[in-house]
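Tertiary structure, described
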Amino acid sequence: MPSKTPYKVLCVCLGNICRSPTAEVVLRHFCDRQQLNIQVDSAGTSNYHPNKAPDRRSQQHALKRGYDLSTLRARQLKTHDFVAFDLILAMDFENLKDIQALYMDAISIHGDHLVKAKIALMSEHDLIYPQHALLDPYYGGEDGFEQVLDQCESSSQAWVDVFKQNMQSQK
């Protein structure tokens, strides 16, 4: 019998205005398409853009593929996220290190009995972009935003396969 409590995934980049909101919406799309009981959110390791909408270029490129980022707002990763989420996905290696450091803070603040989040790289299971960093398109050209979408779609499909396998093994 499927769990009524959703599995919660948090996508994390630096500012939460380009990569992680894109990853959030793309991963949610693929999870919903497979009717998986998974909630997806996003955050940034920095507090550069509190409550700001995703970068307009991210929104424009995502919308061309049918993904709407317009309602999302940036927020910073907090220690409580390690209690609230089951999986935290880092978009790149630098953010992965920052997430791991905050994880240790979360354990000291909340206790290891409450901290449940696993930490992984977004591309951990991706066969097309294995262990690739999702590069920040903010200071680059338009092709960077398309590359983010390509990688998010590929990595999201890989994670959906992992989620489905895990659900099958729990039956």
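Further up the page is the structure itself.
Reference entry: report on the structure contained in this document. Worth saying up front: this structure is predicted, and the values here are computed from it rather than measured.

So, the overall build of the protein
Check the secondary structure of the protein and you find 5 helices and 4 strands. Its helices and strands taken in sequence order, the protein reads β-α-β-α-α-β-α-β-α from the N to the C terminus. Radius of gyration (C-alpha) of the protein: 15 Å, near the 16 Å computed for a compact globule of 171 residues. With respect to the principal axes defined by its C-alpha atoms, the protein has extents near 45 × 35 × 30 Å. By residue count, 48% of the 171 residues in the protein fall in the buried class. Contacts in the protein between residues at least 24 apart in sequence constitute 77% of all its contacts with a sequence separation of at least 6. Carbon and sulfur atoms provide 51% of the accessible area of the protein, an area that totals close to 9,100 Å². Distance between charge centres in the protein, computed from 18 positive and 21 negative side chains, equals 6 Å.

What to know about the packing of helix α2 (residues 56–64) against helix α5 (residues 142–169)
Their axes nearest at 10 Å, the elements α2 and α5 cross at an angle of 55°. One way to sum up the angle between α2 and α5 is to call them oblique. The chirality of how α2 crosses α5 is right-handed. Here Arg57, Ser58, His61 and Ala62 of α2 come into contact with α5, specifically with Glu142, Phe145, Glu146 and Leu149. Taken together, the residues that form the contact of α2 with α5 break down as 3 nonpolar, 2 polar and 3 charged.

A few points about empty space enclosed by the protein
Using the criterion set out here, one finds 2 cavities of 30 Å³ or more in the structure. Within this model, the largest cavity holds a volume of roughly 40 Å³. In terms of lining residues, the largest cavity is bounded by Cys18, Arg19, Thr22, Ser58, His61, Pro137, Phe145, Val148 and Leu149. Where the lining of the largest cavity is concerned, the elements lending two or more residues are α1 (19–33), α2 and α5. Examining the composition of the lining of the largest cavity, we find that 3 residues originate from one element, α5, more than from any other. Taken together, the residues of the lining of the largest cavity break down into 5 nonpolar, 3 polar and 1 charged. If you go around the second largest cavity, the residues you meet are Met91, Leu121, Met122, Ser123, His132, Leu134, Gln151 and Ser155.

Rules used throughout
Note on numbering: residues in each chain are counted from 1, in written sequence order. Where local features are concerned, this predicted model is filtered to residues with pLDDT of at least 70; where side-chain atom pairs are given and counted, the filter is 80 or more; whole-chain, interface and lining totals use all residues. To get the side-chain values, all heavy atoms of the structure are used, and hydrogens and water are removed first. Where helices and strands are cited, they refer to DSSP runs of H or I of at least four residues and of E of at least two residues respectively, numbered from the N terminus. Between the two quantities, the radius of gyration covers C-alpha atoms and the globule rule is 2.2 Å times the number of residues to the power 0.38. For every residue, the accessible area (1.4 Å probe, protein chains only) is compared with the maximum for its type, and the residue is labelled buried under 20%, exposed over 50%, or partly exposed between those bounds. Residues are treated as being in contact if the distance between any of their heavy atoms lies within 4.5 Å. Under the convention used here, a 1.4 Å probe and the Shrake-Rupley method define accessible areas, while residue burial counts only the protein chains that appear. Lys and Arg are tallied as positive, Asp and Glu as negative. Neither His nor the chain termini are counted. By convention, charge coordinates are those of NZ in Lys, CZ in Arg, CG in Asp, or CD in Glu. A fitted line through C-alpha atoms represents every axis, and for helices the fit uses only the stretch in contact; the resulting angles, taken between N-to-C directions, go from 0 to 180 degrees. Roughly parallel refers to an angle under 35 degrees, roughly antiparallel to one over 145, roughly perpendicular to one between 65 and 115, and oblique to any angle outside these ranges. Here is the rule for handedness: rotate from the far helix to the near one, and if that takes an anticlockwise turn smaller than a right angle the crossing is left-handed, while a clockwise turn gives right-handed. Gly is put with the polar residues, along with every residue not named as nonpolar or charged; the nonpolar set is Ala, Val, Leu, Ile, Met, Phe, Trp, Tyr, Cys and Pro, and the charged set is Asp, Glu, Lys and Arg. Put plainly, a pocket is an open set of points on a 1 Å grid over the protein atoms alone with protein on both sides within 12 Å along at least five of seven lines, a cavity is a set where a 1.4 Å probe fits but cannot get out, and a lining residue has an atom within 4 Å of a point. Grid points are joined across faces, edges and corners, and a volume is the space filled by probe spheres set on the points.

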